[in-house]
Amino acid sequence: MDVSPTDIAGRLAEIQARIDAACEAAQRPAGSVRLLPVTKTVSEPLIRAAHAAGCRWFGENKVQEAQAKAEAMADLAADWCVIGHLQTNKARHVVQFAAELHSLDSVRLAEELDRRLQSAGRSLRVLIQVNTSGEASKSGLAPEEVPDFLQAISACQSLAVAGFMTLALPSEDDALVRACFQSLAQVRERARQDGPAHWRYDELSMGMSGDFELAIAEGATIVRLGTSIFGARD
Ligand SMILES: *Cc1c(COP(=O)(O)O)cnc(C)c1O
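A brief structural summary. Treat the numbers as computed from the prediction; the structure is a model and nothing was measured. (Residues numbered from 1 in each chain as written. Predicted model: local features only at pLDDT ≥ 70, side-chain atom pairs only at ≥ 80, totals over all residues. Heavy atoms only, no water.)

### Topic: the site of the ligand
By nearness alone, every residue bordering the ligand is listed as Val38, Lys40, Asn61, Ile83, Met208, Ser209, Arg224, Leu225, Gly226, Thr227 and Arg233. One of the side-chain N or O atoms of serine 209 is found 2.5 Å from an oxygen atom in the ligand. Taking threonine 227, its main chain carries an N or O atom lying 2.8 Å from an oxygen atom of the ligand. When the ligand is considered free in solution it has 390 Å² of accessible area, and contact with the protein chains removes 90% of it. When atoms are counted within 2 Å of each cavity's grid points, the one that captures over half of the ligand is the largest pocket. Looking at the shell around the ligand, its residues break down into 4 nonpolar, 4 polar and 3 charged. (Near = heavy atom within 4 Å. Polar contact = N/O pair within 3.5 Å; in protein donor to acceptor, adjacent residues only side chain to side chain. Areas by Shrake-Rupley, 256 points an atom, 1.4 Å probe, with all protein chains shown as cover. 1 Å grid on protein atoms, 1.4 Å probe; cavity = no way out; pocket = protein on both sides within 12 Å on 5 of 7 lines; lining within 4 Å. Sits in = over half its atoms within 2 Å of the grid points. Nonpolar A, V, L, I, M, F, W, Y, C, P; charged D, E, K, R; others polar.)

Below, the structure written as structure tokens:
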């Protein structure tokens, strides 16, 4: 089914109602979960319609596609978040346009970003990607690697570590999906106890179109939704 720009406001309203209902079911305050619309492969008219309906930030998994869209839609003054794996040699692109990175997963990348951010005179909000499903195909640190990782990057002054991001196991078994989200919440608890104290670890970026209600039940603060807003990708 093709989604047209005139459908977007209604689809966003439906998704927001589901987010609100999931918050209520979890006895969490309305507004404690932010929707990050994921616009990879989505056309400019649909993105503009989402902006017109109130969206002020967008997630993209490929840095060059993200940068091209940020430039083409500079008039929107939206924030662009890179949520996919980033190679160290593409760090400079992120520094040029991105407001946030959800996929920090190596010390080398952290140091390269920090160096380039310092020369650019800016900082960057970053979330650390954690592989909570154990799948070899997924990037991210193993949960037990996170404490040492935080120490290793603690001198990167231009990085504002804001929390953690994960993709759950794609599974019909809710218990397995929930276990991934619980694992990310535990990573954050540990960071709050013994991570570098100059950062706050407020954000849990977890939950996509197929599993965001479970993620909200387990404490997500950001849900990253693509197909449920913009329709199936090619
Ligand atoms: C594509 C993507 C999403 C959104 O997935 P949907 O199932 O379309 O909601 C979320 N997070 C990441 C990292 C993605 O690449």
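So much for the structure itself; the text now carries on.
### A look at the layout of surface pockets
If you add up the space inside the largest pocket, you get close to 390 Å³. Around the largest pocket sit 20 residues that line it, and Lys40, Asn61, Ile83, Leu167 and Met208 are the ones nearest its centre. For the lining of the largest pocket, the residue count by class is 6 nonpolar, 9 polar and 5 charged. (Points joined across faces, edges and corners; volume = space filled by probe spheres on them.)

### Considerations on the pairing of strand 6 (residues 159–165)
In terms of residue burial, strand 6 counts as a mostly covered element, since 6 of its 7 residues are buried. Taken together, the 6 bridges between strand 5 (residues 124–129) and strand 6 define a ladder with parallel strand orientation. Its bridge partner lying in strand 6, arginine 125 is registered against alanine 160. Assessed by its sense of winding, the connection that carries the chain from strand 5 through helix 6 (residues 146–152) to strand 6 is right-handed. Pairing analysis gives 3 bridges linking strand 6 to strand 7 (residues 203–205), with the strands arranged parallel. Opposite glycine 163, over in strand 7, you have glutamate 203 as the bridge partner. Read from strand 6 through helix 7 (residues 174–194) to strand 7, the crossover connection turns out right-handed. (Buried < 20%, exposed > 50% of the residue type's maximum accessible area, 1.4 Å probe, protein only. Helix = DSSP H or I, 4+ residues; strand = E, 2+ residues; numbered from the N terminus. Pairing = 2+ DSSP bridges. Right-handed = clockwise from strand over helix to strand, strands pointing away.)

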